[in-house]
Amino acid sequence: MIININNTATGVVSLCKNNQGNVLTCYFPDIIKQTEPLLKDDVIEIAIDASDSGHIKLTITKNHQESIKAAKDCYELYFNNEIISLPFIDSPGSATIIALTFNKGNLTLDASSSVADDIITQYHYHQPSSHNKLSVHIN
């Protein structure tokens, strides 16, 4: 999926695992509103290209590849030479989420695992540059 957005647009690309399942959501009002289910061993690649000063090209690719060595029951986020493992928590009210937020030219990447009663077990925050790639492996 390739999405071209104005660099003043607002929207989010998120991956979320909760008691409803595991989904990829792309939501930019008046541009795209798409949700699709994710499966174990899916790999999501997201490339951000803001070389055109007025637009951002967002490329999202979903592949399926089995991994024997990977950690189990988690998202593994590959970003800026880091590997961030976010465990899936199996309890009522829990969620694991990765959100790439676009807000009028500013990009933020938030990743967390949390349980009910607003307890966050892990939290990561980054401000990606305009030419980043990130990869998420669902294990």
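Structure's up top.
Residues numbered from 1 in each chain as written. Predicted model: local features only at pLDDT ≥ 70, side-chain atom pairs only at ≥ 80, totals over all residues. Heavy atoms only, no water.

**Focus on the sheet that holds strand 8 (residues 82–87)**
Part 1 of the argument: Spatially, six strands are ordered 1-6-5-12-7-8 in an open sheet, and the strand pairing comes out antiparallel. Of all the strands in the sheet, the pair left with one neighbour each is strand 1 (2–6) and strand 8. Each adjacent strand pair in this sheet contributes to an overall mean axis angle of 15°, direction not counted.
Part 2 of the argument: Bridge count for strand 7 (residues 74–79) against strand 8 is six bridges, and the pairing is antiparallel. Paired with Phe79 across the two strands is Glu82, which belongs to strand 8. (Pairing = 2+ DSSP bridges. Helix = DSSP H or I, 4+ residues; strand = E, 2+ residues; numbered from the N terminus. Axes fitted to C-alpha atoms, helices over the stretch in contact; angles between N-to-C directions.)

**Some remarks on the pattern of salt bridges**
Part 1 of the argument: This model, assessed by the stated rule, comprises two salt bridges.
Part 2 of the argument: Between Lys62 and Glu36 there is a salt bridge, with its nearest N and O atoms 3.0 Å apart. Residue Lys62 is located in strand 6 (residues 55–64), and its partner Glu36 is located in strand 4 (residues 32–37); the two are separated by 26 residues in the primary sequence.
Part 3 of the argument: We classify Glu36 as partly exposed; its relative accessible area is 21%.
Part 4 of the argument: Residue Asp41 is joined to Lys40 by a salt bridge in which the shortest nitrogen-to-oxygen separation is 3.7 Å.
Part 5 of the argument: Judged by relative accessible area, Lys40 falls into the partly exposed class, the value being 43%. (Salt bridge = Lys/Arg side-chain N within 4 Å of Asp/Glu carboxyl O. Buried < 20%, exposed > 50% of the residue type's maximum accessible area, 1.4 Å probe, protein only.)

**Describing the nonpolar core**
Part 1 of the argument: Counting 31 residues, the largest nonpolar core has Val13, Leu58, Ile60, Leu77, Ile98 and Phe102 as its most contacted members.
Part 2 of the argument: Setting aside chain neighbours within four positions, we find Leu77 in contact with Glu82, Ile83, Ile84, Ile98, Leu109, Ala111, Leu134, Ser135 and Val136. (Core = buried A, V, L, I, M, F, W, Y, C linked by side-chain atoms within 4.5 Å. Contact = heavy atoms within 4.5 Å.)

Just distances and angles here, no functional claims.
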